[in-house]
Amino acid sequence: MDISQASAIVTGGAGGLGEATVRKLASLGTAVVIADLNDEAGKSLAAEVGGNVTYVRTDVLDEASVNEALAAAADLAPLRVVVNAHGGGAGASRVVGRDGSPAPMDQFQWYINLFLNGTFNVLRLGAAAMAKNEPDEGGCRGVVVNTASIAAFEGQIGQTAYSAAKGGVVGLTVPAARDLSKLGIRVMAIAPGTFFTPAFKMERDEAEKFWGSAVPFPNRMGSPSEYAALVAHIAENDYLNGEVIRIDGALRFQPK
């Protein structure tokens with residue numbers, strides 16, 4: 001699929017993995033909508049990258065908001081790439097805490113809402129928008145790239161909510177790809193390991209000492225640009241469909 005004459009929407013595009021994806025796609029000639037709630041960072045990034053990159057304030061859980069971002073992308077060029085890279089605050093709790101209290105249900109629901117429901121909302125609306133495209137020579141109308149996590153496979157102690165939400169993203173991949181196959185829309189997921197992003201709120205050297213040392217090879221944390229490079233490859237490689245790709249340096253999470 002030629003993405004140089006297409007547009008993309010990247011949720012969470014104002015920072016971290018999403019920001020790197022915006023930069024990568026824009027470098028390949030793709031028009032990009034930064035779909036985020038961080039107005040200051042989103043507008044700043046759009047101004048810095050320039051070209052056909054714009055910011056649209058977007059709540060991934062709100063249908064009208066997502067449709068506005070999708071329409072903005074389609075106004076720039078045919079929408080062919082939808083990337084779910086939105087994140088959120090981190091929190092952890094055991095199913096039963098040390099004091100004997102059960103995990104808070106509202107925390108579990110928050111993770112499911114943001115990471116699973118938000119992802120599906122953008123997936124369904126993005127696919128419906130891309131279904132209106134004329135197929136290219138290979139019959140492709142577009143691709144959706146969702147972000148899971150290796151925690152979906154070996155979640156650590158205290159990660160039940162996060163792991164369940166990301167496990168749901170993994171579970172979406174094959175049936176959604178099958179659902180959309182007749183429309184020529186592919187669905188993929190990326191499961192990152194420990195990637196250094198602003199969410200760590202510390203210097204990289206400090207983060208590397210704790211998280212990077214556990215990665216077999218390369219013996220470091222991942223860089224957002226490496227995630228973004230994989231997104232671009234998925235978008236351009238038509239035979240990648242219905243699969244979850246781990247990008248983790250052979251890391252396997254231990255219990256804690």
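As a reminder, the structure under discussion sits directly above these lines.
Residues numbered from 1 in each chain as written. Predicted model: local features only at pLDDT ≥ 70, side-chain atom pairs only at ≥ 80, totals over all residues. Heavy atoms only, no water.

Draft legend 1. Quick look at the overall build of the protein. For the protein, the helix and strand inventory stands at eight helices and seven strands. Here the C-alpha coordinates of the protein stretch approximately 55 × 35 × 35 Å along the principal axes. Across the 256 residues of the protein, 49% fall into the buried class. Sequence-distant contacts, at least 24 apart, represent 68% of the contacts inside the protein between residues at least 6 apart. Approximately 12,100 Å² of the protein is accessible, and the part contributed by carbon and sulfur atoms is 53%. Here the protein contributes 21 positively and 27 negatively charged side chains, and the mean placements of these two sets differ by 6 Å. (Helix = DSSP H or I, 4+ residues; strand = E, 2+ residues; numbered from the N terminus. Buried < 20%, exposed > 50% of the residue type's maximum accessible area, 1.4 Å probe, protein only. Contact = heavy atoms within 4.5 Å. Areas by Shrake-Rupley, 256 points an atom, 1.4 Å probe, with all protein chains shown as cover. Lys, Arg positive; Asp, Glu negative; His and termini not counted. Charge placed at Lys NZ, Arg CZ, Asp CG, Glu CD.)

Draft legend 2. Examining the packing of helix H3 (residues 63-76) against helix H4 (residues 105-130) more closely. Orientation of H3 relative to H4, taken along the N-to-C sense of each, is 45 degrees, at an axis distance of 10 Å. On the basis of their axis angle, the class for H3 and H4 is oblique. Here H3 runs over H4; the crossing is right-handed. Residues Glu63, Val66, Asn67 and Leu70 of H3 touch H4, and the partners they reach there are Asn121, Val122, Arg124, Leu125, Gly126 and Ala129. Along the lines of polarity and charge, the residues of the contact of H3 with H4 split into five nonpolar, three polar and two charged. (Axes fitted to C-alpha atoms, helices over the stretch in contact; angles between N-to-C directions. Parallel < 35°, antiparallel > 145°, perpendicular 65-115°, else oblique. Left-handed = near helix turned anticlockwise from the far one by under 90°. Nonpolar A, V, L, I, M, F, W, Y, C, P; charged D, E, K, R; others polar.)

Draft legend 3. Up close: helix H8 (residues 224-236). For H8, spanning 13 residues, the distance from its first C-alpha to its last is 19 Å, which sits close to the expected 18 Å at 1.5 Å a residue. Looking at H8, one finds that the buried residues are Pro224, Tyr227, Ala228, Leu230, Val231, Ala232, Ile234 and Ala235. (Expected span 1.5 Å × (residues − 1).)

Draft legend 4. Representation of the pattern of salt bridges in the model. Counted under the stated rule, the structure contains ten salt bridges. Put simply, Glu154, Arg246, Asp248 and Arg252 are held in one network by salt bridges that share partners. (Salt bridge = Lys/Arg side-chain N within 4 Å of Asp/Glu carboxyl O.)

Draft legend 5. How the structure looks around the packing of aromatic side chains. For the structure on display, the rule yields eight aromatic pairs. Judged by centre distance (6.5 Å) and plane angle (85 degrees), the ring pair of Trp110 and Phe115 falls under edge-to-face. Ring-pair connections join several aromatic residues into one group, and the members of that group are Trp110, Tyr111, Phe115 and Tyr162. (Phe/Tyr/Trp six-rings, centres within 6.5 Å; stacked < 30°, edge-to-face > 60°.)

Draft legend 6. Main features of the pairing of strand E4 (residues 79-84). Counting buried residues along E4, six of its six residues qualify, which places the element largely inside the surrounding structure. Two elements, strand E1 (residues 7-11) and E4, share five bridges in a ladder whose sense is parallel. Residue pairing for E4: Ser7 is matched across the bridge by Leu79. (Pairing = 2+ DSSP bridges.)

Draft legend 7. View of helix H2 (residues 39-49). Residues Gly42, Leu45 and Ala46 constitute the buried set of H2. What you see down the axis of H2 is that its buried residues fit within an arc of 100 degrees, all on one side. Among the exposed residues of H2, those oriented more than 90 degrees off its buried face are Glu40, Lys43, Ala47 and Glu48. Against helix H1 (16-27), strand E2 (31-36) and strand E3 (53-57) lie the buried residues of H2. Following H2 by one or two positions, Gly50 has its phi on the positive side, about 70 degrees. (Arc of directions from axis to C-beta.)

Draft legend 8. Summary view of the nonpolar core. Counting 41 residues, the largest nonpolar core has Ile9, Val33, Leu70, Leu79, Val82 and Leu123 as the members making the most contacts within it. Examining the composition of this core, we find that ten residues originate from one element, H4, more than from any other. Excluding residues that lie within four positions of it along the chain, Val82 makes contacts with Ile9, Leu70, Val122, Gly126, Met130, Val143, Val144 and Val145. Membership of the second largest hydrophobic core comes to 29 residues, among which are Leu25, Cys140, Val145 and Ile190. (Core = buried A, V, L, I, M, F, W, Y, C linked by side-chain atoms within 4.5 Å.)

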